[in-house]
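# Chains, contacts and geometry: an overview
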Amino acid sequence: MKLQLGSDIRRKSLWFRLRKILLCVLGLYIAIPFLIKLCPGIQAKLIFLNFVRVPYFIDLKKPQDQGLNHTCNYYLQPEEDVTIGVWHTIPAVWWKNAQGKDQMWYEDALASNHPIILYLHGNAGTRGGDHRVELYKVLSSLGYHVVTFDYRGWGDSVGVPSERGMTYDALHVFDWIKARSGDNPVYIWGHSLGTGVATNLVRRLCERETPPDALILESPFTNIREEAKSHPFSVIYRYFPGFDWFFLDPITSSGIKFANDENVKHISCPLLILHAEDDPVVPFQLGRKLYNIAAPSRSFRDFKVQFIPFHSDLGYRHKYIYKSPELPRILREFLGKSEPEHQH
């Protein structure tokens with residue numbers, strides 16, 4: 001009788017603790033939407049994720065530590081109180097000549113006979129992120145200069161993140177490149193959230209009649225609301241009553257739109273979209289939808305628009321398209337062969 005009584009007490013105690021935990025979890029689940037609604041800045045931080053610095057311990061002043069021994073680190077100042085860190089990787093054929101050279105040599109190299117890619121990275125991490133570094137190496141090996149940077153508030157760049165600020169930083173770097181690149185082609189490559197910066201930038205460039213030679217969008221979305229609704233983090237709230245009001249409206253009220261679907265209607269330059277079918281972060285169908293909006297647009301009537309899917313069996317997911325052995329051919333056919341590899 002005593003054993004049975006003790007067992008009943010233990011079961012009741014366990015059930016009480018379990019119920020307490022479940023109530024706490026439920027309370028937190030309900031509280032989070034109200035917290036985000038009351039503090040829309042939280043949602044902005046979750047979109048930018050600029051506070052997530054991975055890998056954490058790298059010295060961004062030393063790109064050679066990441067295997068980029070033909071890369072120079074610069075700092076530019078787009079606005080007062082804003083400083084952005086920039087990496088310039090030259091074509092791999094020059095890596096021996098680049099040893100020990102200063103910033104002026106690298107800047108002069110932009111005027112040489114090689115095309116230039118301005119790379120706009122996605123959220124989280126820095127310009128030294130592993131998959132980003134691997135892409136720079138691939139592009140450099142194909143004969144391109146690669147210029148990339150951390151937006152204000154990312155990495156060692158100084159300033160407060162915002163969509164306007166990120167776009168202005170990109171515009172500043174583009175103009176800095178064009179002032180040094182002579183007649184060399186300049187292409188813009190955006191990845192993930194960087195595709196939103198890229199289309200903002202290129203729309204502005206087209207409106208002022210200084211378009212880039214091509215725009216490449218890797219893993220793009222249509223607009224930030226649709227991406228937020230499709231993101232894996234939103235799964236547990238997707239059917240929460242008032243999801244749009246709680247989670248999406250605060251994004252808009254923070255001035256964050258990244259409206260790729262609207263921007264492409266005002267862009268006039270060749271457009272290449274790359275997307276992996278197994279992308280778990282930006283769903284493949286959003287990239288396809290963006291292509292379907294862009295392709296019939298009047299702004300592209302004189303330019304080629306191409307969509308390249310990568311089968312899910314390849315396992316490229318959100319950020320490993322650089323591994324594709326087909327990428328050099330895709331770029332060569334779309335952009336044209338990079339210029340002969342002359343020494344500088």
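See above for the structure.
All of these numbers come straight from a predicted model, not from anything done at the bench.

### Concerning the pattern of salt bridges
Applying the stated criterion to the full structure yields 13 salt bridges. Glu107 is paired through a salt bridge with Arg180; the nearest N and O atoms lie 2.7 Å apart. Of the two residues, Glu107 sits in helix H4 (residues 103-109) while Arg180 sits in the loop between helix H6 (163-178) and strand S5 (186-191), which places them 73 residues apart along the sequence. Classification of Glu107 as buried rests on a relative accessible area of 13%. In this structure Arg180 comes out as partly exposed when scored by relative accessible area, which is 28%. Residue Glu326 pairs with Arg329 through a salt bridge whose shortest N-O separation is 2.7 Å. Overall, the relative accessible area of 32% leaves Arg329 in the partly exposed class. Salt bridges sharing common partners tie together Glu79, Arg152, Arg164 and Asp169.

### Observations regarding helix H2 (residues 40-48)
The periodicity of an α-helix, 3.6 residues per turn, causes residues three or four places apart in sequence to face the same way. Among all positions of H2, only Gln43, Ala44, Ile47 and Phe48 are buried. One side of H2 carries all its buried residues, which in axial view fall inside an arc of 130°. Remark: Leu49 follows H2 within two positions and exhibits a positive phi of approximately 50°.

Definitions and limits used
Residues numbered from 1 in each chain as written. Predicted model: local features only at pLDDT ≥ 70, side-chain atom pairs only at ≥ 80, totals over all residues. Heavy atoms only, no water. Salt bridge = Lys/Arg side-chain N within 4 Å of Asp/Glu carboxyl O. Helix = DSSP H or I, 4+ residues; strand = E, 2+ residues; numbered from the N terminus. Buried < 20%, exposed > 50% of the residue type's maximum accessible area, 1.4 Å probe, protein only. Arc of directions from axis to C-beta.

So yeah, pure geometry; function would need other evidence.
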